[in-house]
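# Observations on the model geometry
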Amino acid sequence: MEYSSKAIEQQWQEYWKQNRSFEPSEDFTKPKKYILSMFPFPSGRLHMGHVRNYTLSDAFARYYRQQNFNVLHPIGFDSFGMPAENAAIKNGSHPKGWTYDNIDYMKNEFYSLGFSFSRERELATSDELYTKFEQGFIIDMFEKGLLYRKKGLLNWCPHDQTVLANEQVVDGCCWRCDTPIVKKDMNQYYFKITQYGDELLADLSKLEEGWPKQVLTMQENWIGKSNGLAFDLFFDDASLGRLHNTFKSFDVFTTRPDTIYGVSYTALAPEHEIVTYMIENSLLSEDVIAQIKHMKTTSSIERQKEKAGISLGLDVIHPLTGKKVPVWIANFVLMDYGSGAVMAVPAHDERDFDFAKKYDLPLHTVIKPFEGESNGACAFTEVGELINSERFDGLNSKDAQAKIIEYFEEQNIGTKTTNYKLKDWGVSRQRYWGAPIPFIHCESCGIVMEKKENLPIALPEDVEITGEGNPLDNHPTWKHCSCPACGKDAVRETDTMDTFVESSWYFLRFCASPQNWEKEAFSKEQIKYWMGVDHYIGGIEHAILHLLYARFFTKVFRDLGYIEFDEPFERLLTQGMVLKDGAKMSKSKGNTVDPDALIEKYGADTARLFILFAAPPTQELEWNDSAVEGAYKFIKRFYDRSSNIVKTDKIPSIAHAKLGKDEKFARTKVYEALVRANDVYSERYTFNTMIAGVMEAMNALNAQSNPEVWTEAYWVLTSIMEPVIPHVCWQISSENFSLANFTSQQVLEEVFEVESIRLGVSINGKRRSEIEVGIEESNENIIAMAKESTAKWLEGKTIVKEIVVPKKLVNIVIKG
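Residues numbered from 1 in each chain as written. Predicted model: local features only at pLDDT ≥ 70, side-chain atom pairs only at ≥ 80, totals over all residues. Heavy atoms only, no water.

## Looking at the pattern of salt bridges
The full count for this structure, using the stated rule, is 39 salt bridges. With its nearest N and O atoms 2.7 Å apart, the salt bridge here joins Glu-600 to Lys-6. In this pair, Glu-600 sits in helix α18 (residues 595-602) while Lys-6 sits in helix α1 (residues 5-18), placing the two residues 594 residues apart along the sequence. On the basis of relative accessible area, Glu-600 is assigned to the exposed category, the value being 53%. Residue classification places Lys-6 among the partly exposed positions, given a relative accessible area of 41%. (Salt bridge = Lys/Arg side-chain N within 4 Å of Asp/Glu carboxyl O. Helix = DSSP H or I, 4+ residues; strand = E, 2+ residues; numbered from the N terminus. Buried < 20%, exposed > 50% of the residue type's maximum accessible area, 1.4 Å probe, protein only.)

Put into structure tokens, the structure is as follows:
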């Protein structure tokens, strides 16, 4: 029978569907594996990055089923979000219809690729049932004080007309549309992720064996824990008068208390409350106010590039020397870190140095090198000896930090403090297509939680999506309701939740049994059995956003009593991007590859084989049309050669010692491939080397004709390759082995027993030939064989020495 990818693949996809082949068992006595790839946004079509991601997870799932594990391998859709609204504006469609049409299309694409997902645990985060459970969690978090509302300066995307969390601002731009963000003063709901900062940081050590070091470092840096000194800087009398005695001081934080005597100016963020007061009370000129407003609307990244400042005409008193220190506004000072105010030591900080040079501010050197002198042409930032620091002169600057903090605490003028770069997670979004925040605003009662029996608070479908304003806020009736507490007229919260909320717990939702899917978000029994996720697969771009938020939610759910573990993902595999012509695939570049067209021409197995063979999963993969063609040809040969199999329902028992040389070599290559396969799934993830091993085995098999060796080989090789090219392997196995070989395969050590070895033969250290000798051959015979193989180089020469290096080489030393 000739290989037909379309016929074979359709047949087995229908078989798997009808036989519920990939549904997990409810038998919790079996060992388990929970395999999960980060779920997609339903954009409408799969791209090759999706194909790579889900081919990887599918290979793991299929492998572990062969190893007799109970496997949960689910799929869902991260289906809320702004692209659905943008598509509605562009196409005149409704976000819901657009989203669910795309989900249906993408699900068909998934199954056309042979992905072995559970069909009975599918979800979309825009499902009302999902929203119902999530809103219940939000209410519980609010009651525990883990969610709060306050007004503040927020990251605003002018294009998408919504607020962004700090983590969603990349290089000063919106993470989704690349529009430069601006700061906007408005109310926002926040999760208290900072309350978990220490634990999120400490528990990274639990992930060291299973997570890439790069991801751990990125999270550690984002949390940004730093220890230092916090103290107040008090205004002098003249400044107090100018500020109408409204402010007496402001607080600063420094990680370099050893440089305290080197302070020559202080700087406030443009958004600092003192600056705001001076603007509101006309204490600054119109020109200065315009400069400040420009600073505020400049992205935080841009503010770090070109230093800019404004003198406020205020002075504070140095806490130790009593001298006046001028107060400036500096664009590089951000409200996101510390208090939005810094002490500046230009002699020992490069940023402060650049600013001081630009505005001709003084430098006070307080640390010198242990040997030699600093040249003053740049800031001296190394460890050195304190000078010009009164009682602390002569101390090692590193040692002085603790002593100066201790002195501040003794004098009650400062405290040792821990600070974090991590800020509370702002989750309000001013868009329609998201989960409504289940709160109500009552003039009498304030913010009131909706009653859980009234959940879900679902989105109205009769909305007009124009791209201007919040459709929920503009809806004529949806937001009007009665207060659950007092019954008076009230208004629903019209902000919806950041879509990263949905992706922060979806992996738990899959741990609900199909029987109780409608009744509970997840089952404690199922959670205890399935969690944590054994292999989690997705892009490195999610290292901070999704992965940090998912870790936070896990710890919150633990503290709320829903679960009993600390971390959600045991092992993390971050796959590289798929490139074409050296660039990331994108429609704008015209370098995309359509998976549907690829499947139509070559079949799903070809797409899967190319994806796993072209590069190790953690590296970038360069698309190569000829390599795709090569993958197809290999599969075709693999199927054609199966005609050499003798039908059986058990692996043949072969007397290895009685085989010929080529037969033995073929068996050795087959079991070498099996060893590689086991290593790939447990340690290396280098599918390309495993597949190469199978190709080597096929070459070795072609050099012999023993039907038993062919049969044994295919029993093993179809098992190895089933996670990669499942359709053709199921076809071969059904034709020859009744599918009996898709189980754990045992490595036969007998095939690795060596009867002969090859030794290099050198004359005066220069390699001249190679000989094959028995493993127990005597040195006398080895030398005789070596001489025979190099006779033309020995002719007329005198042999001085004959050296046999066991199992490596023979060297003959000659002269004449």
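So that's the structure; there's more coming.
## A short note on the sheet that holds strand β31 (residues 756-763)
Strand order in the open sheet made by the 4 strands is β32-β31-β34-β33, with mixed pairing throughout. Of all strands in the sheet, those bounded by a partner on one side alone are β32 (766-774) and β33 (798-805). Across the sheet, the mean angle separating the axes of adjacent strands is 20° when strand polarity is ignored. Alignment of β31 against β32, held across 8 bridges, turns out to be antiparallel. (Pairing = 2+ DSSP bridges. Axes fitted to C-alpha atoms, helices over the stretch in contact; angles between N-to-C directions.)

## Focus: the side chain of Gln-401
In this fold, Gln-401 is placed in helix α13 (residues 397-410). Those residues within four positions of Gln-401 in sequence are excluded, and the remaining contacts are Thr-255, Arg-256, Pro-257 and Asp-258. (Contact = heavy atoms within 4.5 Å.)

## Let's talk about the layout of surface pockets
Considered as a void within the structure, the largest pocket measures approximately 2,200 Å³ in volume. Together, 50 residues line the largest pocket, and Ser-43, His-47, His-50, Glu-541 and Lys-584 are the ones closest to its centre. Elements supplying a minimum of two residues to the lining of the largest pocket: α2 (48-66), α4 (95-112), β26 (535-539) and α17 (545-559). Broken down by element, the lining of the largest pocket gets its largest block of residues, 6 residues, from α2. Roughly 1,100 Å³ of internal volume is contained in the second largest pocket. Lining of the second largest pocket is provided by 40 residues; of these, Gln-304, Phe-332, Leu-334, Tyr-337 and Arg-351 occupy positions nearest its centre. Of all elements in the fold, only β11 (249-254), α11 (300-305), β15 (341-344) and α12 (350-359) reach the threshold of two or more residues within the lining of the second largest pocket. Among the residues forming the lining of the second largest pocket, the class breakdown is 14 nonpolar, 15 polar and 11 charged. (1 Å grid on protein atoms, 1.4 Å probe; cavity = no way out; pocket = protein on both sides within 12 Å on 5 of 7 lines; lining within 4 Å. Points joined across faces, edges and corners; volume = space filled by probe spheres on them. Nonpolar A, V, L, I, M, F, W, Y, C, P; charged D, E, K, R; others polar.)

## Comments concerning the pairing of strand β5 (residues 147-157)
Regular strands have side chains that alternate between both faces of the sheet. Across 10 bridges, the pairing between β5 and strand β9 (residues 182-191) is antiparallel. Note that in β9 the partner of Lys-150 across the bridge is Gln-188. What sits between β5 and strand β6 (residues 162-164) in their antiparallel hairpin is a turn of 4 residues, with Gln-161 showing a positive phi close to 55°.

## A look at empty space enclosed by the protein
Counting across every chain of the model gives 3 cavities of 30 Å³ or more. By volume, the largest cavity is sized at about 150 Å³. Gly-81, Met-82, Arg-429, Asp-498 and Thr-499 are the residues nearest the centre of the largest cavity, which is lined by 16 residues in total. Counting residues per element, the ones that place at least two in the lining of the largest cavity are α3 (82-91), β6 and β25 (496-497). By residue class, the composition of the lining of the largest cavity is 5 nonpolar, 6 polar and 5 charged.

## Things to note about the packing of aromatic side chains
All told, the structure shown has 69 aromatic pairs when counted by the stated rule. Between the aromatic rings of Phe-80 and Trp-433, the centroid separation amounts to 4.9 Å while the plane-to-plane angle is 75°, which identifies the pairing as edge-to-face. With Phe-80 in the loop between β3 (76-77) and α3 and Trp-433 in the loop between β20 (428-429) and β21 (439-442), this pair connects stretches of sequence that are 353 residues apart. Residue Phe-80 is classed as buried on the basis of its relative accessible area, which comes to 3%. Residue Trp-433 is classed as buried on the basis of its relative accessible area, which comes to 5%. Here Trp-730 and Phe-742 contribute two aromatic rings whose centre-to-centre distance is 5.4 Å and whose plane-to-plane angle is 40°, an arrangement assigned as tilted. With Trp-730 in helix α24 (residues 726-736) and Phe-742 in the loop between α24 and β31, this pair connects stretches of sequence that are 12 residues apart. With respect to burial, Trp-730 and Phe-742 carry one shared label: buried. Taking the ring centre of Tyr-64 as reference, the NZ or CZ of Lys-33 above it sits at 4.8 Å. Here the guanidinium or amino end of Arg-119 rests over the ring plane of Tyr-111, the centre of that ring lying 3.7 Å away. (Phe/Tyr/Trp six-rings, centres within 6.5 Å; stacked < 30°, edge-to-face > 60°. Lys NZ or Arg CZ within 6 Å of the ring centre and 35° of its normal.)

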